Structure formats: C-alpha cells, structure tokens
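# Residue-level structural notes
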Amino acid sequence: MNRIDRISAILIQLQSRRVVKASDIAERFGMSLRTVYRDIKTLEEAGIPLIGEAGVGYSIMDGYRLPPVMFTREEATAFLTAEKLMEKLTDPSSDENYKSAMYKIRSVLRMAEKDFLENIDGHIEVFKSRRTSGTKMDLNPLQIILKGIGERNVLSIHYFAAHTQQKTERCIEPVGVFYQDNYWHLIGWCRLREDYRDFRLDRISNISLTGERFRTLHPNLNEYISRSAKEKNLQAIVIKIEKRVVPYISEQKYYNGFISEREVNGMIEMTFLTEFIEGFVRWLMMYGDMAEVVSPVSLKEKVKEISGIIHQRNS
C-alpha cells in the first residue's frame, strides 16, 4: 500500500470509532509508531481537525463531516456476500437492519459497481443446514442481546436447559455472542447460578431488557473463551483419517472439539481439543480401521485398552 492510500485508510479508520489508538493503527498497517505519528501530522496539515491525547488515542472533532466514502468493487462484493449470510444466519430484525444499511451502501457506489453487484446478486447463495436452529422467528434475540451488551443492561430470559429438561427464568449480564455449528450462543453471567454460562439462543423462549445497568467488568468474549479453555484443561489430539471418510464426519467432528485439518501423505490430519479422552476414543473407534492416532500417547493407550476389552469379551 502506498503512502497516499495508507493515509486515506487511516482517515477512514479514525471515522469508524470515537477514539483510535496509535498502536491499533500501527498493528493494522504493520508499521512503526513513528510512522503513525508522521501520517497523523500529515492529516492535521491537510486540515482534518484531530484531537490527540497521550495514552488515549486520536479522534476527529465532533461535528466534522467528510464526503461519503467510496467503496472498491472488492469491498462491495464482500458486503453483498455478507448480506446473503445475514439473511440466513441471523434473526429477522438483524437481517432487515443489514438490508437497510446495504441500500445506503449501494447508493454511494459508482454505476459500474452497482451494475456489477446486480450481475452477481443471483449467483451467490447461502443455504441453511438441514439441522435448523429452531430460534423463534418473533423473538429477534440478537438485537436485544447486542443492545444489552452495548448499554450494559441486564437481560431477563426464559431458558430451557437440555441436560436437566427444566425451564427457568434467569437474569443475565451479557458478555458476548458467537455462532457455531448452526447455532447462536450467548455467553453471560447468570445471577441464578452465580457463574458464567453458555445459552443457546434456540432454547430461549422469551427475552427482554430489564432496564437495570450492571457495573461488573466482565472479560470480553475472546478473553472468556481463552480462560475457559485453560480452566477445562483441554488436551490436544492429532489423528490421521482416510480421505473417503471425511465427508461422513463433517458435523460429528465439531462435537469432538475439531480445530483444523490438513492433507498429509494422502490422508487428512485433524487436530482436536477435548477434555474427555475416553469419549473421543469411543467416537474414533467407529472409524478405527480407517484412522490412525498421531498424539498423544495416552490416547493410543486408551484405544488399545478398550480394544483389548472388546476382544476379550468377544473371543
């Protein structure tokens, strides 16, 4: 990226947030803080009213407005792809809000980009999994949850816990949401259980903002997930499995802590994180003659132990 493009991108970044740290700009563009300060000075000399505070960051003076941002064809295509995902993977309210935003984005595109999007619109599609999420269509939980996170507002939910088969009413201090295996999840501090809990959105039958603001400083979502993984003492597992088997375990692997995969010598090497070695072994043994344990040694030993018991009982 040349210097002019970089300075323009920094200006857009400054418009995107109330305050932007110099270190964030440096990390994004892979440059030194000294270069950041030089580029910021260039913007100031160009007449951009920037406010800088040591140890805090930079912001553009409130009330200052710049001409509409122009998007590249690649950026516009990314927006269109995201629109398809939003339509299928979020609740109706989030989808409608995104569509509204897309109209505004399209309105500032050049005619060539508008025509390009029209041409490819019917050639991008996202299909829902056969295993539907089951979220009630009239709840629009994502918008309520995100508002609760942004305003630090306590949520009231009616929740069905699958492991106890019980319905409970709970007050939650929301931490974050994530999407995994066709389900949206809410991580929050549950006042009923006095601990952090993972709530699947399709099991929430009612949700509302209580109007009560919470003051507890909870970790962000990534911090919580990292800390949770350490507390659970997850173990890394590496196996090799024949290519022909892979299509048949596309969903099963995620339930067993799938992380990544790569091809090695004609086989597919998969990495998992799990806290239940024995449970993983019993799943793996369904494909025993088509799979090979790479690590850890304890997993190999467990496979031999269970195989020995099976052989003994059936000999």
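Presented here is an overview of the structure given in this document. Per-chain numbering applies: the sequence of each chain, read as written, is numbered from 1 onward. The predicted origin of the model limits local features to residues at a pLDDT of at least 70 and limits the giving and counting of side-chain atom pairs to 80 or more, whereas totals for whole chains, interfaces and linings rest on all residues. Calculated side-chain values reflect all of the structure's heavy atoms, with hydrogen atoms and water omitted.

## Focus: the pairing of strand 2 (residues 57–60)
One face of the sheet, then the other: side chains in a regular strand alternate in exactly this way. Let me state the cut-off plainly: Exposure classes here rest on a 1.4 Å probe applied to the protein chains alone. A residue is buried below 20% of its type maximum, exposed above 50%, and partly exposed in between. Per the convention used, a helix needs a DSSP run of H or I reaching at least four residues, while a strand needs a run of E reaching at least two, with both numbered from the N terminus. Here, strands pair whenever DSSP counts at least two bridges between them.
Of the two faces of strand 2, both are covered, the one formed by Gly57 and Ser59 as well as the one formed by Tyr58 and Ile60. Bridge count between strand 1 (residues 50–53) and strand 2: 4 bridges; the pairing is antiparallel. Residue pairing across strands places Glu53 opposite Gly57, the latter belonging to strand 2. The turn joining strand 1 and strand 2, which pair antiparallel and follow one another in sequence, is formed by 3 residues; a positive phi near 80° is taken by Gly55.

## Remarks on helix 5 (residues 92–107)
Formally: Working rule for helices: expected span equals 1.5 Å times residues minus one. Of all possible arcs, the one meant is that of the directions from the helix axis to the C-beta atoms. By definition in these notes, contact holds between two residues if any of their heavy atoms fall within 4.5 Å.
Taking 1.5 Å as the rise per residue, helix 5 with 16 residues should run 22 Å; its terminal C-alpha atoms sit 23 Å apart, in good agreement. Those residues of helix 5 not exposed but buried are Ser94, Asp95, Tyr98, Met102, Ile105 and Arg106. Summarising the axial view, the buried residues of helix 5 lie within an arc of 110°, below the 170-degree limit, and thus occupy one face. Residues of helix 5 that are exposed and point over 90 degrees away from its buried face: Tyr103, Lys104 and Ser107. Along its buried surface, helix 5 packs onto helix 4 (73–89), helix 6 (111–120) and helix 7 (141–151).

## Some thoughts on the packing of helix 4 against helix 6
In plain terms, the rule: Lines fitted to C-alpha atoms define the axes here, with helix axes fitted over just the stretch in contact, and angles between the N-to-C directions of these axes take values from 0 to 180 degrees. In these notes the angle categories are as follows: under 35 degrees is roughly parallel, over 145 is roughly antiparallel, 65 to 115 is roughly perpendicular, and the rest is oblique. Left-handed describes a crossing whose near helix is turned anticlockwise from the far helix through less than a right angle; right-handed describes the clockwise counterpart. Residues were grouped as follows: Ala, Val, Leu, Ile, Met, Phe, Trp, Tyr, Cys and Pro as nonpolar; Asp, Glu, Lys and Arg as charged; and all remaining residues, including Gly, as polar.
Helix 6 packs onto helix 4 with a crossing angle of 40° between their chain directions and a minimal axis gap of 10 Å. The pairing of helix 4 with helix 6 is recorded here as oblique in orientation. Our pair here, helix 4 against helix 6, has a crossing hand that is right-handed. Residues Arg73, Ala76, Thr77 and Leu80 of helix 4 form the contact with helix 6, whose own contacting residues are Ala112, Glu113, Phe116, Leu117 and Ile120. Split into classes, the residues belonging to the contact of helix 4 with helix 6 amount to 6 nonpolar, 1 polar and 2 charged.

## Regarding the pattern of salt bridges
To be explicit about the condition: The salt bridge criterion pairs a side-chain nitrogen of Lys or Arg with a carboxyl oxygen of Asp or Glu, the two atoms within 4 Å.
Throughout the structure, instances matching the rule amount to 21 salt bridges. Two residues, Asp39 and Arg6, come together in a salt bridge whose shortest N-O distance is 2.7 Å. A residue pair is termed long-range when its members are at least 10 positions apart, and Asp39 in helix 3 (residues 33–45) and Arg6 in helix 1 (residues 3–16) qualify at 33 residues. Relative accessible area serves as the criterion here: at 14%, Arg6 is assigned to the buried category. Where Glu113 meets Arg73, a salt bridge forms, and the shortest distance between an N and an O atom there is 3.4 Å. With Glu113 in helix 6 and Arg73 in helix 4, the pair connects residues that are 40 residues apart, well separated along the chain. A residue is classified by how much of its surface remains accessible, and Glu113, at 7% relative accessible area, is buried. Owing to a relative accessible area of 32%, Arg73 belongs among the partly exposed residues under this scheme. Residues participating in the shared-partner salt-bridge network are Glu278, Arg282, Lys302 and Glu305.

## Things to note about the packing of aromatic side chains
Note the threshold: In this analysis, rings of Phe, Tyr and Trp, with Trp reduced to its six-membered ring, are considered paired at centre separations within 6.5 Å, and the interplanar angle assigns stacked below 30 degrees, edge-to-face beyond 60, and tilted for intermediate values.
Evaluated as defined, the whole model comprises 10 aromatic pairs. On the basis of an interplanar angle of 80° and a centroid distance of 5.1 Å, the ring pair of Trp189 and Tyr196 is categorised as edge-to-face. The class of Trp189 is partly exposed, set by a relative accessible area of 25%. The interplanar angle of 65° and the centroid separation of 5.0 Å between the aromatic rings of Phe272 and Phe280 together place this pair among those described as edge-to-face. Each member of the pair, Phe272 as well as Phe280, carries the same accessibility label: buried. Ring pairs connect the aromatic residues Phe258, Phe272, Phe280, Trp283 and Tyr287, which therefore count as one cluster.

## Overview of the nonpolar core
What counts is decided by this rule: Here, nonpolar core refers to any group of buried Ala, Val, Leu, Ile, Met, Phe, Trp, Tyr and Cys residues whose side-chain atoms link them within 4.5 Å.
Counting 20 residues, the largest nonpolar core has Ile239, Ile241, Met270, Phe272, Phe280 and Leu299 as the members making the most contacts within it. Secondary structure elements with two or more residues in this core: strand 8 (235–242), strand 10 (267–274), helix 10 (277–284) and helix 11 (297–313). Ranked by the residues each element gives to this core, the list is headed by helix 10, at 5 residues. Ignoring any residue separated from it by four or fewer positions in sequence, one finds Phe272 in contact with Gln235, Ala236, Ile237, Ile239, Lys253, Asn256, Gly257, Phe258, Ile259, Phe280 and Trp283. Counting 18 residues, the second-largest nonpolar core is a separate cluster that includes Ala9, Leu14, Ile25 and Ala26.

## Considering the sheet that holds strand 10
Taking strand neighbours across the sheet as the criterion, the 4 strands line up as 9-10-8-11 in an open arrangement whose pairing is antiparallel. The open sheet is flanked by strand 9 (258–264) and strand 11 (291–295), the only strands paired with a single partner. The mean inter-strand angle of the sheet, taken between neighbouring strand axes irrespective of direction, is 25°. Note that strand 8 and strand 11 share 4 bridges and pair antiparallel. Across the sheet, Val238 pairs through a bridge with Ser295, a residue of strand 11. Those strands touched by helix 10 are strand 8, strand 10 and strand 11, and its axis lies near 5° from that of strand 8.

Just distances and angles here, no functional claims.
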